[in-house]
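# A look at the structure
Chain by chain, the residues run as shown.
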Amino acid sequence: ACHAWQKKLDVWKPVIESFGYDASTLDGGERDDFFQDVMRRYAAQRLARQKKTVPQGLAAVRMVIRSYGTFALWGFGREGQRWASIFRHAGVPIPIIFDRHAEGTEIPVLYPSREAVTSCGRVILITSTRYLEDIACELRSYGLQEGRDFMDAGCLLDAIGKEYFKTLFRKTDGLCAR
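Residues numbered from 1 in each chain as written. Predicted model: local features only at pLDDT ≥ 70, side-chain atom pairs only at ≥ 80, totals over all residues. Heavy atoms only, no water.

## So, the sheet that holds strand 1 (residues 71–74)
Filter applied, for reference: One bridge is not enough; two strands pair if DSSP finds at least two bridges between them. Helix numbering and strand numbering both begin at the N terminus, where a helix is a DSSP run of H or I of at least 4 residues and a strand a DSSP run of E of at least 2. Should any heavy atoms of two residues lie within 4.5 Å, those residues are counted as being in contact. Note on geometry: axes are C-alpha line fits, over the in-contact stretch for helices, and angles between N-to-C directions span 0 to 180 degrees.
The strand order across the open sheet built from 5 strands is 3-2-1-4-5, with neighbouring strands paired in parallel fashion. Each edge of the open sheet carries a strand with a single partner, namely strand 3 (109–110) and strand 5 (150–152). As judged from the 3 bridges shared by strand 4 (residues 123–126) and strand 5, these two strands associate in the parallel manner. Pairing of Leu125 across the sheet is with Met151, part of strand 5. Contacting strand 1 and strand 4, helix 4 (residues 78–89) crosses the sheet at an angle of about 160° to strand 1. Where helix 6 (residues 132–141) meets the sheet, its contacts fall on strand 1, strand 4 and strand 5, and the angle it forms with strand 4 comes to roughly 160°.

This is how it looks when you write it as structure tokens:
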């Protein structure tokens, strides 16, 4: 079905189908919108997996993170440590980590009590994938609003991926612009 794709987009067919989509069923504008969405997710995953962050990635991280203000992390397991590293490499400080069990970090770790969480004055980035819904429910019960007062790290990664995508790909032909 590659022949049905626009010029040079067939190169991306395996990437798109690796996300579980059947790329051969799309046509016209629907295909273009779909392609842009999948490639943003691809760029976000690529950025998250990189051991050495590229300058375009750091610029995207800085731009998106600063648009939300100052963050506090909730969770300092593997994902929390990855996010702390991303923030550190981008030169964006994390003043607080909320965690019930974390130890051994130079960033202050606070037990996530209602008082500590509601008075921190920062957007809380939930880095725990295992307890995401439980943490989100707890934050809502404190009167915090999702998207304004707290967010899932996956949402932030999508926003960073969209920004990173702009630097990697030209809109005109879908080719890598590096």
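## A few points about helix 6
As a reminder of what qualifies: For the exposure calls, accessible area comes from a 1.4 Å probe over protein chains only, and a residue counts as buried if that area is under 20% of its type's maximum, exposed if over 50%, partly exposed in between. The arc in question is traced by the directions running from the helix axis to the C-beta atoms.
Among all positions of helix 6, only Ile135, Ala136, Glu138 and Leu139 are buried. Viewed along the axis of helix 6, the buried residues span an arc of 160°, placing them on a single side of the element. Against strand 1, helix 5 (114–118), strand 4 and strand 5 lie the buried residues of helix 6. Looking one or two places after helix 6, you find Gly143, whose phi comes out positive at around 90°.

## Description of helix 4
The line we're drawing: One less than the residue count of a helix, multiplied by 1.5 Å, gives the span that helix is expected to have.
Relative to the 16 Å expected for 12 residues at 1.5 Å per residue, helix 4 spans 17 Å between its end C-alpha atoms, a close match to the ideal helical length. Restricting attention to buried positions, one finds in helix 4 the residues Gly80, Trp83, Ala84, Ile86 and Phe87. Take helix 4 and look down its axis: the buried residues cluster within an arc of 160°, on one side only. Immediately beyond the C-terminal end of helix 4, within one or two residues, lies Gly91, with a positive phi of roughly 75°.

## Considerations on the pairing of strand 1
Heads up, the condition is: By the criterion used throughout, a crossover qualifies as right-handed when its path from the first strand across the helix to the second strand runs clockwise, the strands pointing away from the viewer.
Residue alternation in strand 1 divides its side chains into two sets, Phe71 and Leu73 and Ala72 and Trp74, and both sets are buried. Summarising the sheet, strand 1 and strand 4 pair through 4 bridges and their orientation is parallel. Note on strand 4: the bridge partner recorded for Ala72 is Ile124. You can see the chain leave strand 1, run along helix 4 and come back into strand 2 (residues 97–98), and the turn it takes is right-handed.

## With respect to the pairing of strand 4
Alternating residues of strand 4 divide into Val123 and Leu125 and Ile124 and Ile126, and every residue in both groups is buried. Read from strand 4 through helix 6 to strand 5, the crossover connection turns out right-handed.

## A look at the pattern of salt bridges
Using the following cut-off: Think of a salt bridge as a Lys or Arg side-chain nitrogen and an Asp or Glu carboxyl oxygen that are within 4 Å of each other.
Within this structure, the stated rule accounts for 5 salt bridges. The partner of Arg100 in a salt bridge is Glu138, and the shortest N-O contact between them spans 3.1 Å. Note that Arg100 is positioned in the loop between strand 2 and strand 3 and Glu138 in helix 6, a separation of 38 residues in sequence. We note a salt bridge from Glu133 to Arg140, for which the minimum N-O separation is 3.5 Å. On the basis of relative accessible area, Arg140 is assigned to the partly exposed category, the value being 36%. A single network of salt bridges, built from pairs that share partners, joins Glu133, Arg140 and Glu146.

## Notes on the nonpolar core
Selection rule: For the purposes of this section, nonpolar cores are sets of buried Ala, Val, Leu, Ile, Met, Phe, Trp, Tyr and Cys residues that join through side-chain atoms within 4.5 Å.
Counting 26 residues, the largest nonpolar core has Phe71, Trp83, Phe87, Leu125 and Leu156 as the members making the most contacts within it. Put simply, the parts of the chain that give this core at least two residues each are helix 3 (55–68), strand 1, helix 4, strand 4 and helix 7 (153–168). The element contributing the most residues to this core is helix 7, with 6 residues. Ignoring anything within four residues of it in the chain, the contact list for Leu156 reads Val64, Ile65, Tyr68, Phe71, Trp83, Phe87, Leu125 and Met151.

## Focus on the confidence of the model for the chain
Quick reminder of the rule: As a per-residue measure, pLDDT tells how confident the predictor is, with possible values from 0 to 100.
Averaged over all residues, the pLDDT of the chain equals 76, while 62% of them reach at least 70. Residue range residues 1–8 is modelled with pLDDT below 50. Its contacts to residues more than four positions away, or to other chains, number 15 contacts. Residue range residues 170–178 is modelled with pLDDT below 50. Its contacts to residues more than four positions away, or to other chains, number 18 contacts.

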